[in-house]
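Here is what each chain is made of, one letter per residue.
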Amino acid sequence: MKHTLSVMVENKPGVLARIAGLFSRRGFNIDSLAVGVTENPDVSRMTITVNAAEHPIEQVTKQLHKLINVIKITDLDPDNTVARELALIKVKSDARSRGEVMQIAEIFRAKILDVSRKTMTIEITGTAEKIEALELLLKPNVAEIVRTGRIAIERGEK
Amino acid sequence: MKGSEIIIESLKAAGVDVVFGLPGGMVIPLYDALFDSDMRHILVRHEQGAAHMADGYARATGKTGVCIATSGPGATNLVTGIANAYMDSTPMVAITGQARSDLIGTDAFQEADITGITEPVVKHSYLIKDTKDIPRVFKEAFYIASTGRPGPVLIDIPSDMQLADIDYKPAGRINLPGYKPTLKGNRKQIKAAAQAIAAASKPVFYAGGGVITAGAEKELLALARLMKIPVTTTLMGLGSFPENNDLSLGMLGMHGTGYANYAVTHCDLLIGVGARFDDRVTGKIDTFARHAKKIHIDMDPAEISKNVAIDVPIVGDARDVLAGILQELKKMKREPKKTAAWLEQVIAWKKKHPLHYKDEKGAIMPQFVIEEINRVTKSDAILCTDVGQHQMWSCLFYTHVKPRHFVSSGGLGTMGFGFPASIGAKVGRPEKTVIDVAGDGSFQMNIQELATAVCNDIPVIVCILNNGYLGMVRQWQELFWNKRYSETAISCQPDFAAVAEAYGALGMTITDKNDVGDAIRTAIKAKRPAVLDFRVKAEENVFPMVPAGKSIDEMIGGHKS
Ligand SMILES: Cc1ncc(C[n+]2csc(CCOP(=O)(O)OP(=O)(O)O)c2C)c(N)n1
Ligand SMILES: [Mg+2]
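Note that the coordinates shown come from a computational prediction; the quantities given were computed from them, not determined experimentally.

Q: Tell me about the overall build of chain B, residues and numbers included.
A: Of regular secondary structure, chain B possesses 23 helices and 18 strands. Over its C-alpha trace chain B gives a radius of gyration of 24 Å, about what one expects of a compact globule, namely 24 Å for 561 residues. Expressed along its principal axes, the backbone C-alpha trace of chain B runs to roughly 70 × 60 × 40 Å. Taken as a whole, chain B presents about 21,700 Å² of accessible surface, with 52% of it coming from carbon and sulfur. Of the side-chain charges in chain B, 62 are positive and 61 negative, and the distance between the mean point of each set is 10 Å.

Q: I'd like to hear about the interface of chain B and chain A, residue by residue, with values.
A: A common way to express how large an interface is: the accessible area buried when the components associate. The interface is formed by 19 residues belonging to chain B together with 18 residues belonging to chain A. Across the pair Glu 119 of chain B and Arg 25 of chain A runs a salt bridge, and its minimum N-O distance is 3.1 Å. Where chain B packs against chain A, one counts six residue pairs in polar contact (both at pLDDT 80 or more). Residue composition of the side of chain B that touches chain A, grouped by class: nine nonpolar, four polar and six charged.

Q: Explain the layout of surface pockets to me, and be specific about the residues and the numbers.
A: Considered as a void within the structure, the second largest pocket measures approximately 910 Å³ in volume. In terms of lining, the second largest pocket is formed by 37 residues, of which the most central are Gln 63 and Lys 66 of chain A together with Arg 149, Asp 300 and Ala 302 of chain B. Of all the elements in the fold, those that place two or more residues in the lining of the second largest pocket are helix H1 (15-25), helix H2 (54-66) and strand S4 (70-76) of chain A together with helix H5 (79-87) of chain B. Grouping the amino acids of the lining of the second largest pocket by side-chain chemistry returns 16 nonpolar, eight polar and 13 charged.

Q: Describe the domain arrangement of chain B, with residues and values.
A: Residues and elements named next belong to chain B. Parsing chain B into structural domains produces domain 1 (3-163), domain 2 (187-352) and domain 3 (366-535). Look at where the C-alpha atoms of domain 2 and domain 3 centre, and you get two points 31 Å apart. Between domain 2 and domain 3, the contact holds 17 residues from the first and 18 residues from the second. Contact with domain 3 buries surface across domain 2, with Leu 235, Leu 238 and His 255 losing the most and accounting together for 38% of the total. Where domain 2 touches domain 3, the interface holds zero salt bridges.

Q: Account for a negative patch on the surface, with residues named and values stated.
A: Residues and elements named next belong to chain B. On the surface, a cluster of negative charge is made up of Glu 5, Asp 32, Asp 36, Asp 165 and Asp 167. On the secondary structure map, Asp 36 appears in helix H2 (residues 28-36). Overall, the relative accessible area of 69% leaves Asp 36 in the exposed class.

Q: Which residues make up the sheet that holds strand S1 (residues 2-10) of chain A, and what values do they have?
A: All names here are of chain A. Strand order across the open sheet formed by four strands is S2-S3-S1-S4, with antiparallel pairing between neighbours. The open sheet is flanked by strand S2 (30-37) and S4, the only strands paired with a single partner. Neighbour to neighbour, the strand axes of the sheet diverge by 15° on average, direction disregarded. The strands touched by H1 within the sheet are S1, S2, strand S3 (43-51) and S4, with S3 carrying the most contacts at an inclination of about 20°.

Q: An account of the site of ligand 1 is requested, with residue identities and associated values reported.
A: Residue and element names in this part refer to chain B. Neighbouring residues of ligand 1: 17 residues in total, closest Gln 389, His 390, Asp 440, Ser 442 and Gly 471. Notes on ligand 1: free accessible area 590 Å², of which the protein chains cover 76%. If you list the elements that add at least two residues to the shell around ligand 1, you get helix H17 (389-397), helix H19 (440-443) and helix H21 (471-480). Taken together, the residues of the shell around ligand 1 break down into seven nonpolar, nine polar and one charged.

Q: Go over the side chain of Asn 374 of chain B, please, and point to the residues and values.
A: Relative to the helices and strands, Asn 374 of chain B resides in helix H16 (residues 366-377). Apart from the residues within four sequence positions on either side, Asn 374 of chain B is in contact with Ser 379, Phe 397, Tyr 398 and Thr 399 of chain B.

Q: An account of the nonpolar core is needed here, citing residue identities and associated values.
A: Residues and elements named next belong to chain B. Counting residues in each nonpolar core, the largest one holds 47 residues, and the members touching the most others are Phe 20, Cys 67, Phe 419, Phe 443 and Val 531. Broken down by element, the residue count for this core peaks at six residues, all from helix H3 (residues 47-61). Here this core spans two domains, since at least three of its residues come from each of domain 1 (3-163) and domain 3 (366-535). Residue contacts for Val 531: discarding those within four places in its chain leaves Phe 443, Leu 450, Val 462, Ile 464, Phe 496, Ala 500, Leu 506, Gly 507 and Met 508. Counting 38 residues, the second largest nonpolar core, distinct from the first, contains Leu 238, Met 365, Ile 370 and Phe 397.

Q: How would you explain the pattern of salt bridges if you had to name every residue and give the values?
A: Residue and element names in this part refer to chain A. Enumeration according to the criterion identifies 39 salt bridges over all chains in this entry. Its salt-bridge partner being Glu 85, residue Arg 150 comes within 3.7 Å of it at the nearest N-O pair. Here Arg 150, found in the loop between strand S8 (142-147) and strand S9 (151-154), pairs with Glu 85, found in strand S5 (residues 81-92); they are 65 residues apart in sequence, far enough to count as distant. According to the relative accessible area criterion, Glu 85 is buried, its value standing at 9%.

Q: Just give me the short version of the domain arrangement of chain A, but keep the residues and values in it.
A: Residue and element names in this part refer to chain A. For chain A, the assigned domains are domain 1 (2-76) and domain 2 (82-154). Centre-to-centre, using C-alpha coordinates, domain 1 lies 29 Å away from domain 2. Opposite the nine residues of domain 1 that make contact, domain 2 presents five residues. Looking only at domain 1, the three residues that lose the most surface to domain 2 are Ala 34, Thr 47 and Leu 76, adding up to 45% of its buried area. Counting every contact that joins domain 1 to domain 2 gives zero salt bridges. Linking domain 1 with domain 2 are two residue pairs in polar contact (both at pLDDT 80 or more). Those elements that provide at least two residues to the side of domain 1 that touches domain 2 are S1, S2, S3 and S4. Sorting elements by how many residues they give to the side of domain 1 that touches domain 2 places S2 first, with three residues.

Q: Go over the packing of aromatic side chains, please, and point to the residues and values.
A: A ring pair, where both rings are aromatic, is described by two values, the distance of the centres and the angle of the planes. Residue and element names in this part refer to chain B. Summed over the entire model, instances satisfying the criterion amount to 13 aromatic pairs over all chains. On the basis of an interplanar angle of 85° and a centroid distance of 5.0 Å, the ring pair of Tyr 206 and Phe 277 is categorised as edge-to-face. Taken together, the residues Tyr 206 in strand S7 (residues 203-207) and Phe 277 in the loop between strand S10 (269-273) and helix H13 (279-282) connect sequence positions 71 residues apart. Residue Tyr 206 shares its accessibility class with Phe 277, and that shared class is buried. Ring geometry for Phe 419 and Phe 443: centres 5.3 Å apart, planes at 70°, overall edge-to-face. Pair noted here: Phe 419 is in helix H18 (residues 418-428) and Phe 443 is in helix H19, with a separation of 24 residues, a long-range link.

The rules behind each value
Residues numbered from 1 in each chain as written. Chains lettered and ligands numbered in written order. Predicted model: local features only at pLDDT ≥ 70, side-chain atom pairs only at ≥ 80, totals over all residues. Heavy atoms only, no water. Helix = DSSP H or I, 4+ residues; strand = E, 2+ residues; numbered from the N terminus. Rg over C-alpha atoms; globule rule 2.2 N^0.38 Å. Areas by Shrake-Rupley, 256 points an atom, 1.4 Å probe, with all protein chains shown as cover. Lys, Arg positive; Asp, Glu negative; His and termini not counted. Charge placed at Lys NZ, Arg CZ, Asp CG, Glu CD. Contact = heavy atoms within 4.5 Å. Salt bridge = Lys/Arg side-chain N within 4 Å of Asp/Glu carboxyl O. Polar contact = N/O pair within 3.5 Å; in protein donor to acceptor, adjacent residues only side chain to side chain. Nonpolar A, V, L, I, M, F, W, Y, C, P; charged D, E, K, R; others polar. 1 Å grid on protein atoms, 1.4 Å probe; cavity = no way out; pocket = protein on both sides within 12 Å on 5 of 7 lines; lining within 4 Å. Points joined across faces, edges and corners; volume = space filled by probe spheres on them. Domains from an automatic or database assignment. Buried area = accessible area lost by both parts, 1.4 Å probe. Patch = residues over 30% accessible without salt bridge, like charges linked within 9 Å, V, L, I, M, F, W, Y side chains within 5 Å. Buried < 20%, exposed > 50% of the residue type's maximum accessible area, 1.4 Å probe, protein only. Pairing = 2+ DSSP bridges. Axes fitted to C-alpha atoms, helices over the stretch in contact; angles between N-to-C directions. Near = heavy atom within 4 Å. Core = buried A, V, L, I, M, F, W, Y, C linked by side-chain atoms within 4.5 Å. Phe/Tyr/Trp six-rings, centres within 6.5 Å; stacked < 30°, edge-to-face > 60°.

Okay, structure coming up:
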């Protein structure tokens, strides 16, 4: 089962290394990771997705808590969370296929960022499933994909 | 004030009066400040020794131990000592010099990323990037090292940070939003534990080093007495419960006593306190205490249900929690005879499977040396050990009665720990007789610290159980590898007594059983560092033993024939 952990950390040097080190040393795999500063400049939020059974996730969070710079960890409830990822997809496409690609992009509410003679670059945000669905459609012509980690926030007033 | 002087001030503010270390280029400013201060510095001969001394000092006193090394190789030499302190939760602050801050990342001379290298084995670490952070960092470091579940904290200080001259402002209040150890146990859980204890007819306490860290030995004794509960301890927990008490089962686990292992296997309630269900204790995990409801009291929430599922978890300081349970139980209706049949069973196991060894004519039995140390010191010495068979015999054949009187590398099992640790212990408790039980292999891993003991006049007594083998490994080879003694014979070795004398210590070689006690007495009276080379029976084994992967009641060699 996939878990999305929202980890608030002190914005101090070495924090990312400590967290990454902890995961590898305890044998947990990080599926994706996104880091950014929060509304408070002293605090960063890491959104970490991990694939784990119930028991190890408890160990992961408890071990994470032991890191001095980790302030708070929330195991986000998928039913009560909005999550997004961003991908940039470069598609091989010339004048003939351009229209078709644009149509697909539109259906996915994706944006065209750049067009060259032989390629188009599409920006898409959404859930991992949505991004993967688009990718699947474009597949034979995809030249390059760049994806961010998932970021997520709880619904409602906090 | 210079950064280096601020370091000294910060150490003093933390109550430090002794540090262990060895200088080098990147800590010359710090050592220059030390030169004018009244801080005691013990100069070691290898930085690993400094780390183990700080560790031994901390274990014997309960205070935070401090070691200092220069950058690069000095810092990397500390690593084993830091890892050792981490595994056994010893409060320690390690200070390392670092290349000038503008050179960091350039592979400068003697630059090593020591915060990176030690990251998996520290409780926390700092790299100082501004001299004015020194007071705050030191205050935090000592606070983190010594509170909650203690552990080592590393402070890496570039040389220019030590040289910068700034206005000294003592540290303000500590503000660590991510570090709030839980001290008080949850009242509901404490009640649940008390009820489980009152309901149990076959309870056992399983006490670890956390009892000693928390200073909870009185509460443990009171609880065990009140409810008539037998107590077994881990290696780290030796001394948390007096072994001369009838309720004591001694140590459990791979080399535990038969009766401790049987009691744990058959109990209906296991009360773990400040112990972590380590694999050397549990043996085969799914059969460990298989009939028992389990209570686990620990400072570290991550230890709860890590290896074994727990029914009543209580996070908190062992002393607070045990006192709380005691209070609850005193309020409750108790059946004083509830555990009587269980205690009889325990006594029967003790009778049937006592610790024992076979004497061999003409030989000094290693177990006998430990028994003699026990007799001569009246179980009142601080006993340090290295790692191997001699360590296990020290666990088993000495009567451990007081906390902070047994200093041994548990989690990491570091050969070479015992001797420097004994020096640290003696520095912290100069009034005590401090004895290091060493192996002929282990002793040679930090033998150079004889110079430290002699030059600083630190009279520790090293008792080598010299069996001419890396004995513990040889035992495994004998039992499980068809007696193929690959690279475990070390009979080509120095004359230890002569080495000791060459360093200026007292050296003795003991080959007759009848001289064992006298040799120990002579060394104690000499009041100077001493090395006693006991030529013990070479191929003796530590029994009982639970083979790897077996349940702890499947011991071999535990039967008296
Ligand atoms: C630094 C280190 N290296 C290797 C080992 C593996 N090891 C464990 S016990 C042991 C033998 C120790 O020999 P000795 O000190 O003579 O003690 P004995 O078992 O003979 O009493 C060895 C090599 C270890 N624990 N630590
Ligand atoms: Mg040996």
